[in-house]
Amino acid sequence: MQILHIDSSITGSNSVTRALTADIVASLKQTNPEAKVDYLDLAVSAPSHLSAQSLGFRTGQAAATEIERQENAVSEALVSQFLAADVIVVGAPFYNFTIPTQLKAWLDRIAQAGRTFKYTATGPVGLAGDKKVIVASARGGAYSTSEAGQAMEHQESYLKVIFGFMGVTDVTIVRAEGVAMGPDAKAAAMEAAKAQIEQAQAVAA
């Protein structure tokens, strides 16, 4: 098993998602001792956001400048790393109703026509479906328990859509919700998330 472990929280040791992704990966390693892990910390080393210099993988045009060559190399390294993984563990905190900008920048680099999806006469087809994604989701408030909250949520829903577009429909959410609503609520959220990790381990084993 090849595991790609991704963190994107900018809060360091205070991060709930970093704690959860570490637990998820440790759980996977316990079940699969021979598994190899690649680690990507997007808060430390995120690709730049898409620009005219980094669109080479979309236009198919050869790089004309050194900056374009460097950007193409970044995109190629990230998509190759993603495609090589069997399980992707993604730490995705809830920032302003969606995912961190660093995580979005990574997704923009791996969503490549001809590599992770293709267009056909009947619409797009995902090419990376032989993978499992486990998302460690953390939210300060409670958004999953009401229609109003669900309408404001563009974090887990977006990740399911973008990974599904690339053909990955095996997406498990490990959620710690309400972690900013007081110590008791945070403790309960973490306990619930740990129970979900045990379930995810059983599925991925």
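Analysis parameters
Along each chain, the written sequence defines residue order, and numbers are assigned to residues from 1. The model is predicted, so local features are restricted to residues of pLDDT at least 70 and side-chain atom pairs to those at 80 or more, both for listing and for counting; the totals for chains, interfaces and linings are taken over all residues. Side-chain descriptors were evaluated using all non-hydrogen atoms of the structure, hydrogens and water having been removed beforehand. UniProt positions are given in the numbering used here, feature names are shortened, and annotations may be inferred rather than shown by experiment. For our purposes a nonpolar core is just a set of buried Ala, Val, Leu, Ile, Met, Phe, Trp, Tyr and Cys residues, chained together by side-chain atoms within 4.5 Å. We call a residue buried when its accessible area falls under 20% of the maximum for its residue type, exposed when it is over 50%, and partly exposed in between, using a 1.4 Å probe and counting protein chains only. The helix and strand labels rest on DSSP assignments: H or I over at least four residues marks a helix, E over at least two residues marks a strand, and numbering proceeds from the N terminus. Whether two residues touch is decided by their heavy atoms; if any such pair falls within 4.5 Å, the residues are in contact. Between any two strands, pairing holds if DSSP finds at least two bridges. Salt bridge, as applied in this entry: a Lys or Arg side-chain nitrogen positioned within 4 Å of an Asp or Glu carboxyl oxygen.

- An unreviewed UniProt entry annotates the chain as FMN dependent NADH:quinone oxidoreductase of Comamonas brasiliensis.
- One UniProt comment on the chain, placed under Subunit (unreviewed entry), says "Homodimer."
- Its UniProt record, at the heading Sequence similarities (unreviewed entry), says of the chain: "Belongs to the azoreductase type 1 family."

Things to note about the nonpolar core
Piece 1. Judged by nonpolar contacts, the single largest core of 28 residues is most densely connected at Phe-82, Leu-103, Trp-106, Leu-107, Leu-159 and Phe-163.
Piece 2. Looking at this core, the elements that each hand over two or more residues are strand 1 (2–7), helix 3 (66–84), strand 3 (87–93), helix 4 (101–110), strand 6 (132–139), helix 6 (156–165) and strand 7 (171–177).
Piece 3. Per-element accounting of this core gives the leading share, four residues, to helix 4.
Piece 4. When neighbours within four sequence positions are excluded, Trp-106 is seen to be in contact with Leu-4, Ile-6, Leu-40, Leu-42, Pro-47, Leu-78, Phe-82 and Phe-163.
Piece 5. Membership of the second largest hydrophobic core comes to 19 residues, among which are Leu-28, Val-89, Val-179 and Met-190.

Here's the deal with the pairing of strand 4 (residues 117–120)
Piece 1. Across four bridges, strand 4 lies against strand 5 (residues 123–126) in antiparallel orientation. Bridging from a neighbouring strand, Lys-118 pairs with Val-125 of strand 5.
Piece 2. Taking the residues that link successive antiparallel strands as the turn, the strand 4-strand 5 hairpin has two residues.

Overview of the pattern of salt bridges
Piece 1. Throughout the structure, instances matching the rule amount to eleven salt bridges.
Piece 2. A salt bridge links Asp-7 to Arg-18, with the nearest nitrogen and oxygen atoms 3.7 Å apart. Residue Asp-7 is found in strand 1, and its partner Arg-18 is found in helix 1 (residues 16–31); the two are separated by eleven residues along the sequence. Across the pair, exposure class does not vary: Asp-7 and Arg-18 are buried alike.
Piece 3. Residue Arg-18 pairs with Asp-41 through a salt bridge whose shortest N-O separation is 2.8 Å. In this pair, Arg-18 is assigned in helix 1 and Asp-41 in strand 2 (residues 36–41), connecting sequence segments 23 residues apart. Summarising the burial analysis for this pair, Arg-18 and Asp-41 share the class buried.
Piece 4. What you see here is one network of salt bridges that share partners, running through Arg-139, Glu-153, Glu-156, Arg-175 and Glu-177.

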